[in-house]
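# Inside the fold
In case you want the letters, here they are:
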Amino acid sequence: MFAPEALASHYGGDAAGLICGYVLREGCAPQAIDTAGAAAWLAAEAPASEPAPAFLWLHFNLSHAQAVRWVQRHADLPAAFFEALGDGSHSTRIERDDDTLIAVLNDVHFDFAFEPMDFATLWIGVTPRLVITARTQPLRSVDALRTAVREGECPRSSVALLEQLMRTQADGLVGIVRGVTQRLDRIEDELLAGRLDHKRARLGQLRRLLVRLQRLLAPEPAALFRLLQRPPGWMAEGDAQELRDASEEFSVVLRDMQGLQERIKLLQEEVAANVQEANSRSLFVLTVVTVLALPINILTGLFGMNVGGVPLADAPHGFWVIVAVLAAFTAVAAWLALRRGSGD
């Protein structure tokens, strides 16, 4: 059993914006910690030797005005981390600043609903003894990691925590890919059944979702690869290999997303072709009706002129003669129109 959380029960964080905090040590149960305990833990020097070095994970809500101030006061992080927080950069990157890892990752909202705007940014600072994560909106991957730690799972190092966060993020992406695939399967079945209602809008929404997701997340594997070419000296080889494996899994998910984009594009082209064919049929019917009405309109216009010398004006069977002439002209016009339509 691990110690109960020392934070307030609401998810928004305490007075300093701390949502959750844990002292983590391999082989030991996670211990929840509040801001006062975290400040004291960070101020104390690490023991000269310990069988399993401990590190601290603090997760902050940037909507609280005191969150950044507390981190600046108590966490020994480089200026580059606070610059990333200050400029609000959402570009994915993982880089090294001296002995600190600074990461800007993007993930889906906690209440993700397959909307193109359901994404938010997570800022991360990693040292051997400290992991700082900060966000403005609840994120799925962080919440899943928080739940795992609360249930007793303990990463062996700060880099292992970052690697687990990335794997959780990749698992979330796999879920999104599966959800989009199922939606595409349903749309494709409806398309084959001839039901076109609202499919173009649904396909466009899914395509915008995947394009935005790939644009935000595609730089992550490349950034991690560049980092692992020159890792900090305190990073263990096992942790570096775990990050490489996580990067490869992430790349596979991104390739699957690209394949889904191509599939959506083909379905959009198929829907557009069906719509164009339906419009062509409607235009053909309208053309035939117009052609059939043309002789009637011409003759009624001519015989409706209020002038002298109108043919058959005094003939007893003039009306039926005109009807016969109109029927003949209409039949010839219909034959020509249908013949042309069948030839096309």
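Each remark here, short or long, concerns the structure printed above.
By convention here, each chain's residues receive numbers from 1 onward along its written sequence. The predicted nature of this model means local features are confined to residues of pLDDT at least 70 and side-chain atom pairs, given and counted, to a pLDDT of 80 or more, with totals for whole chains, interfaces and linings taken over all residues. Only hydrogens and water are set aside when side-chain values are computed; all heavy atoms of the structure are taken into account.

This paragraph deals with the overall build of the protein chain. Numbering goes from the N terminus for both helices and strands, where a helix is a DSSP run of H or I of at least four residues and a strand is a run of E of at least two. Across its full length, the protein chain carries 9 helices and 7 strands. Working definition: with a 1.4 Å probe on protein chains only, accessible area under 20% of the residue-type maximum means buried, over 50% means exposed, and in between means partly exposed. For the protein chain, buried positions account for 42% of its 344 residues. Put simply, of all contacts in the protein chain between residues at least 6 apart along the chain, 69% involve residues at least 24 apart. All accessible-area figures derive from a Shrake-Rupley calculation using a 1.4 Å probe, and residue coverage is judged against the displayed protein chains alone. By element, 56% of the accessible surface of the protein chain is carried by carbon and sulfur atoms, the whole surface being about 18400 Å². Contacts are residue-level and defined by heavy atoms, with any inter-residue pair within 4.5 Å sufficient.

Here we take up the packing of helix H2 (residues 66–74) against helix H3 (residues 79–87). Only C-alpha atoms enter the line fits that serve as axes; for helices the fit covers just the stretch in contact. Angles between N-to-C directions range over 0 to 180 degrees. H3 packs onto H2 with a crossing angle of 170 degrees between their chain directions and a minimal axis gap of 11 Å. One way to sum up the angle between H2 and H3 is to call them roughly antiparallel. Every residue of H3 that contacts H2 at Val68, Val71 and Gln72 is listed here: Phe81, Phe82 and Leu85. For this scheme, ten residues count as nonpolar: Ala, Val, Leu, Ile, Met, Phe, Trp, Tyr, Cys and Pro. Four count as charged, namely Asp, Glu, Lys and Arg, and the remainder, Gly too, count as polar. Partitioning the contact of H2 with H3 into residue classes produces 5 nonpolar, 1 polar and no charged. In what follows, roughly perpendicular refers to angles from 65 to 115 degrees, roughly parallel to angles under 35, roughly antiparallel to angles over 145, and oblique to any angle outside these ranges.

Two rings from Phe, Tyr or Trp (for Trp, the six-membered ring) form a pair when their centres sit within 6.5 Å of each other. Planes less than 30 degrees apart are called stacked, planes more than 60 degrees apart edge-to-face, and all others tilted. One pass over the structure, following the stated rule, counts 3 aromatic pairs. Ring centres 5.5 Å apart and planes at 40 degrees place the aromatic pair Phe60 and Trp70 in the tilted group. Here Trp70 lies in helix H2 and Phe60 lies in strand E3 (residues 54–61), a separation of 10 residues in the sequence. Across the pair, Trp70 and Phe60 agree in class, each one buried. For the ring pair Phe81 and Phe82, a centre distance of 5.4 Å and an interplane angle of 85 degrees mean the geometry is edge-to-face. Here the basic side chain of Arg129 rests over the ring of Trp41, its NZ or CZ set 4.2 Å away from the ring centre. Only when the NZ atom of a Lys or the CZ atom of an Arg is both within 6 Å of the ring centre and within 35 degrees of the ring normal do we say a charge sits over the ring.

The next subject is the environment of Arg69. Among the secondary structure elements, Arg69 is positioned in helix H2. Spatially, the C-alpha atom of Arg69 lies 10.0 Å from that of Gly17, the residues being 52 residues apart in sequence.

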